[in-house]
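Understanding the architecture of this molecule
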Amino acid sequence: MYKKLEITIMLVVLALMISCEQDLTFPESYYDCNELVNSPNHPKEDEYSNLISEIVGSGVPGMMLTIHNNQNGYWSGAQGFADLSSGIRLSPCNITRVGSTVKTFTAVTILMLQEEGLLDLDDQITDYLSNNQIKGLENAKESTIKQLLLHSSGIYNYIQSLKFQTASLNDLTKSWGPDELLEQARGKDAYFAPGTDVLYSNTGYVLLGMIIEKVTGKPFYEVFEEKLFIPYDLTFTQFAATDPVPDGIIRGYVDLYSNLNLINATYYSGWDYYTADGGLISNAYDLNKFMTNLFQGDILSQESLKEMMTWVAPKDGYGDGFQTFYGMGIFRIETDFGTAYMHSGDAIGYFASMAYFPKQDVTITWAVNGNYGKVDEFTQSKAAMEKIYGTVLGE
Amino acid sequence: MKYFSLQLYVAVFLLLLSSNLFAQQPITISVFNEATTIPFTTFLNTPMHPGLQIGTEFEGKMKNHFRIYPAVSVGYLFHRNLFQGLYANAEFGVDYKTGAGINIKTKIGLGYLHTFATQQEFQFNGTSYENKGDRGNARIMPSLTIGLGYDLHKNDPQSTEIFFLYQSWIEYPYSPGFIPLMSHTNVHLGTKFYPIK
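Residues numbered from 1 in each chain as written. Chains lettered and ligands numbered in written order. Predicted model: local features only at pLDDT ≥ 70, side-chain atom pairs only at ≥ 80, totals over all residues. Heavy atoms only, no water.

Some points on the overall build of chain A
Stated formally: Only DSSP runs of H or I with at least four residues qualify as helices, and only runs of E with at least two residues qualify as strands; both kinds are numbered from the N terminus onward. Atoms counted for the radius of gyration: C-alpha only. Globule rule: 2.2 Å times residue count to the power 0.38. Think of it in three bands: residues with accessible area under 20% of the maximum for their type are buried, residues over 50% are exposed, and the middle band is partly exposed, with areas taken using a 1.4 Å probe on protein chains only. Residue contacts are defined here by distance: any two heavy atoms, one from each residue, within 4.5 Å place the two residues in contact. Shrake-Rupley sampling with a 1.4 Å probe provides the accessible areas, and residues are treated as covered by the protein chains on show and by no other component. Counted charges follow a simple rule, with Lys and Arg positive, Asp and Glu negative, and His plus the chain ends left uncounted. Note that the charge is assigned to NZ on lysines, CZ on arginines, CG on aspartates and CD on glutamates.
Regarding its fold elements, chain A presents 13 helices and 14 strands. Rg of the C-alpha trace for chain A: 22 Å, near the compact-globule value of 21 Å for 395 residues, within the 12% margin. Judged by the C-alpha coordinates and their principal axes, chain A covers about 80 × 55 × 40 Å. The burial tally for chain A puts 60% of its 395 residues in the buried class. Restricting the contact set of chain A to residue pairs at least 6 apart, pairs at least 24 apart contribute 69%. Here chain A displays about 15,000 Å² of accessible surface, and carbon together with sulfur accounts for 49% of that area. Between the averaged position of the 25 positive side-chain charges in chain A and that of its 49 negative side-chain charges there is a distance of 6 Å.

A few points about the overall build of chain B
Along chain B, the regular secondary structure elements total one helix and twelve strands. Each helix (α) and strand (β) of chain B, taken in turn from the N terminus, gives the series α-β-β-β-β-β-β-β-β-β-β-β-β. Here chain B holds 197 residues, and 52% of them are scored as buried. Nonlocal contacts in chain B, meaning residues at least 24 apart in sequence, comprise 60% of its contacts between residues at least 6 apart. Surface accessibility of chain B: about 9,100 Å² in total, with carbon and sulfur atoms responsible for 67%.

Focus on unusual backbone geometry
Here the amide bond leading from Thr46(B) into Pro47(B) is cis, since omega sits at -5°, within 30 degrees of zero. With respect to the helices and strands, Pro47(B) occurs in the loop between strand E1 (27-36) and strand E2 (50-57). Put simply, Tyr172(B) and Pro173(B) share a cis peptide bond, and its omega is -10°. One can find Pro173(B) in the loop between strand E11 (161-171) and strand E12 (182-193). Look at Asn139(A): it is not a glycine, yet its phi comes out positive at around 85°.

A short note on the packing of aromatic side chains
Residue and element names in this part refer to chain A. Worth spelling out the cut-off: Aromatic rings from Phe, Tyr and Trp, with only the six-membered ring used for Trp, were paired whenever their centres fell within 6.5 Å, and each pair was classed as stacked if the ring planes differed by under 30 degrees, edge-to-face if by over 60, and tilted otherwise. Charge-over-ring placement is defined geometrically: NZ (Lys) or CZ (Arg) within 6 Å of the ring centre, and within 35 degrees of the ring normal.
Tallied over the entire structure, the rule returns 33 aromatic pairs over all chains. Considering the side-chain rings of Phe105 and Phe229, the 6.1 Å spacing of their centres and the 70° angle between planes classify their relative orientation as edge-to-face. Note that Phe105 is positioned in helix H3 (residues 102-115) and Phe229 in helix H9 (residues 220-229), a separation of 124 residues in sequence. Here Phe105 matches Phe229 in class, with each residue buried. Relative to Phe224, the ring of Phe220 has its centre 5.5 Å away and its plane inclined at 70°; by these criteria the two rings are edge-to-face. Taken together, the positions of Phe220 and Phe224, both in helix H9 and four residues apart, correspond to about one turn of that helix. Accessibility classification places Phe220 together with Phe224 in one group, the buried group. Aromatic ring contacts, followed pair by pair, group Phe105, Phe220, Tyr221, Phe224, Phe229, Phe239 and Phe290 into a single cluster. Over the ring of Phe81 we find Arg89, and its NZ or CZ is 4.5 Å from the ring centre.

Topic: the side chain of Ser258(A)
Counted only if it meets this: For the purposes of these results, a polar contact is taken to be a pair of N or O atoms within 3.5 Å, where, inside protein, one atom must be able to donate a hydrogen and its partner to accept one; residues adjacent in sequence count only when each atom of the pair is a side-chain atom.
By secondary structure assignment, the location of Ser258(A) is in the loop between strand E6 (253-254) and strand E7 (261-264). A polar side-chain atom of Ser258(A) sits 3.0 Å from a polar atom in the side chain of Ser175(B). At a separation of 3.0 Å, a polar atom in the side chain of Ser258(A) contacts the main-chain carbonyl oxygen of Pro176(B).

As for the sheet that holds strand E12 (residues 350-357) of chain A
Residue and element names in this part refer to chain A. Spelled out, the test is: Pairing between two strands requires that DSSP report at least two bridges joining them.
Strand order in the open sheet formed by eight strands is E3-E2-E1-E13-E12-E11-E10-E9, with antiparallel pairing between adjacent strands. Taken across any chain shown, the strands that pair with only one partner, and hence form the sheet edges, are strand E3 (88-89) and strand E9 (323-326). Sheet topology places strand E1 (residues 62-69) next to strand E2 (residues 73-83); eight bridges connect them, and they run antiparallel. Considered in E2, the bridge of Ile67 is made with Trp75.

Thoughts on the state of the cysteines
All names here are of chain A. We count it as follows: Disulfides are defined as cysteine sulfur pairs within 2.5 Å.
Under the counting rule described, the total for this entry stands at one disulfide over all chains. In this model Cys33 forms its disulfide with Cys93; the gap between the sulfur atoms is 2.0 Å. The sign of the 85° torsion about the S-S bond sets the Cys33-Cys93 disulfide as right-handed. Of this pair, Cys33 sits in the loop between helix H1 (2-17) and helix H2 (45-57) while Cys93 sits in the loop between E3 and strand E4 (96-99), and the two are 60 residues apart along the sequence.

Some details on the layout of surface pockets
Residue and element names in this part refer to chain B. Put simply, the rule is: Site definitions follow a grid-based scheme: protein atoms alone, a 1 Å grid, a 1.4 Å probe that fits but cannot get out for cavities, and for pockets an open set with protein on both sides within 12 Å along at least five of seven lines, plus lining residues having an atom within 4 Å of a point. Grid points are joined across faces, edges and corners, and a volume is the space filled by probe spheres set on the points. Note that Gly is not counted as nonpolar here; it falls among the polar residues with everything else outside the nonpolar set of Ala, Val, Leu, Ile, Met, Phe, Trp, Tyr, Cys and Pro and the charged set of Asp, Glu, Lys and Arg.
Counted as a void, the second largest pocket has a volume near 510 Å³. Along the wall of the second largest pocket there are 24 residues; nearest its centre are Arg67, Pro157, Gln158, Lys192 and Tyr194. For the lining of the second largest pocket, the residue count by class is five nonpolar, ten polar and nine charged.

Focus: the nonpolar core
As a reminder of what qualifies: Put simply, buried Ala, Val, Leu, Ile, Met, Phe, Trp, Tyr and Cys residues joined by side-chain atoms within 4.5 Å make one nonpolar core.
Core analysis: the biggest nonpolar cluster contains 110 residues, and Ile145(A), Ile211(A), Met308(A) and Leu82(B) have the highest contact counts within it. With eight residues, H3(A) is the largest single contributor of residues to this core. Leaving out residues up to four positions away in the same chain, Met308(A) has contacts with Thr104(A), Ala107(A), Val108(A), Leu111(A), Leu294(A), Leu300(A), Gly327(A), Met328(A) and Ile330(A). By size, the runner-up hydrophobic cluster in this structure holds 38 residues, among which are Met63(A), Ile364(A), Trp366(A) and Met385(A).

Some remarks on the pattern of salt bridges
Side-chain pairs of opposite charge can arise where the charged atoms are in close proximity. Definition in use: Salt bridge, as used here, is a side-chain nitrogen of Lys or Arg placed within 4 Å of a carboxyl oxygen of Asp or Glu.
A full pass over the atoms with the stated rule returns 19 salt bridges over all chains. What emerges from the salt-bridge pattern is a single network uniting Glu57(B), Arg67(B), Asp95(B), Lys105(B), Glu161(B) and Lys192(B).

A look at the side chain of Arg251(A)
Residues and elements named next belong to chain A. As for its position among the elements, Arg251 is in the loop between strand E5 (238-239) and E6. Buried and without a salt bridge, Arg251 has Asp83 as its closest oppositely charged side chain, separated by 4.6 Å. At 2.9 Å, the side chain of Arg251 and the backbone oxygen of Ile249 are in polar contact. When sequence neighbours within four positions are dropped, the list of residues in contact with Arg251 reads Phe26, Tyr30, Tyr31, Ala82, Asp83, Val245, Asn264, Thr266, Tyr267, Tyr350 and Asn369.

Focus on the environment of Gly147(B)
Residue and element names in this part refer to chain B. Secondary-structure assignment places Gly147 in strand E10 (residues 143-151). Taking C-alpha positions, Gly147 is 9.4 Å from Val187, a pair spaced 40 residues apart along the chain. Setting aside residues up to four positions removed in sequence, Gly147 forms contacts with Asn103, Ile104, Lys105, Phe164 and Leu165.

Remarks on the sheet that holds strand E8 (residues 280-282) of chain A
The strand order across the open sheet built from three strands is E4-E8-E5 (chain A), with neighbouring strands paired in antiparallel fashion. The open sheet is flanked by E4 and E5 of chain A, the only strands paired with a single partner.

Here's the deal with helix H7 (residues 178-185) of chain A
Residues and elements named next belong to chain A. Convention followed: This arc is built from the directions going out from the helix axis to the C-beta atoms.
Leu181, Leu182, Gln184 and Ala185 are the residues of H7 that are buried. Seen along its axis, H7 keeps its buried residues to an arc of 150°; they face one direction. Where the residues of H7 are buried, they touch helix H4 (131-134), helix H6 (162-170) and helix H8 (202-216). Two residues or fewer past H7, Gly187 is found with a positive phi of approximately 80°.

Pasting the structure below:
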């Protein structure tokens, strides 16, 4: 009996040991994109290329960068890999996840709906959301749309819940719907009374997505398509809800244990692929077009744009980062090169950032297919951002 | 290197099994479902992350209804899409034995866990990423366990016991500078039996 038990256990253990999965590999054609995202002969091409090369060479799988100024138009470049397993190089026209940068799209859409007279930023959110939807969300009954946009509602950020964080790690391919995310914030204390301070809250942007749906009668991402993606020719931009891993999306990698040992997170579901606080798929070029059009074009009226840039300073300061002020789906930061209006976004395995410098009329956007652990230091720390801003804007 | 390390673990594991050390002692064997979760906030989590544990309990001391004893175990767990791990664990247990064959069980423990990715890994070599696994990650795993056992023959001191355990444990370190530690639970269903009476 003893020998049989020994052999059985040995076989079970060996069977489990060989269960290490290899990544899917794809042909180069899977990632093919031929669209022109560049103005040729940019005078600073070498400097920008060297910058990307240096960042990728420090331990980032792949990086795409787009710069726009009024003299030279758009410049886009990319280095590193779209897919490490298949050995496919990254192209600036590839698509990637850009996470919370969607909050700027959400805020702009709400402002457009206000311009159309379909809502007013000073409306209570209870005018649009049912008691059942906001049940247990402290401050929700007293909050306005404007406060959700400004992160000044005080409503608990579901991402801060340890129970949620461990649950999302436990089931990495779970699809989290808006109700399930809001459930993580129900019964939690608000951070402060509405309108008395600002603190980043994904929960508020989940609710804003629901308000867009209530007002328009359509999924919020269809409204994004109608009002932003199609009219402004954002051909690389889509929302994850209907196709979470679309063909051609570059692989995303996580440095979960902070040792530059990456695993593929492309098929992890994330937690915000179905809500208006994340889930955007785009690239550095399209994000740049969007930001340039927002601040130099006619996406919003001047009145709406001014309202969007209602800056509020957090009472607790900004830690070691840039001096930061909260606007509606946008932040104002003070850098060595002057003021920037910006937003960044993480998804599991991906990061993107977009910044517009009004003094120079320059838009800088980048996206990488790696995050967490040590990778973040090279792509989204204050030092990393200063390096990128400095290369583009410095003498 | 990864498989060499795993094979080393398996060799130690089998050595323990085949040793006479266990000849006069009970064997505990359990299957369990591992989860990353905050302890005592969830119970049976999905998806299932299976594990297998085998060990023994030493005689210890019996006073009134209380049995106090040391225990050791080794085990394997597979967390889908994330990691697999092999561990060795030492525990200090206190059972309260009711007269009806039901045992209320508690244990505190400290173990060593070695984890490996369940997916293909890419290691940065100073200039680029290459398709290469690392040597895995060394962890300590302090644990607290509660549960119930049932002696099939309540008057036999070497009775076979069926047990159910809720083990809460910490994986430390987890991701230095990012996530300091990770909380897990293992929900065990197992048995203790004496192979040679």
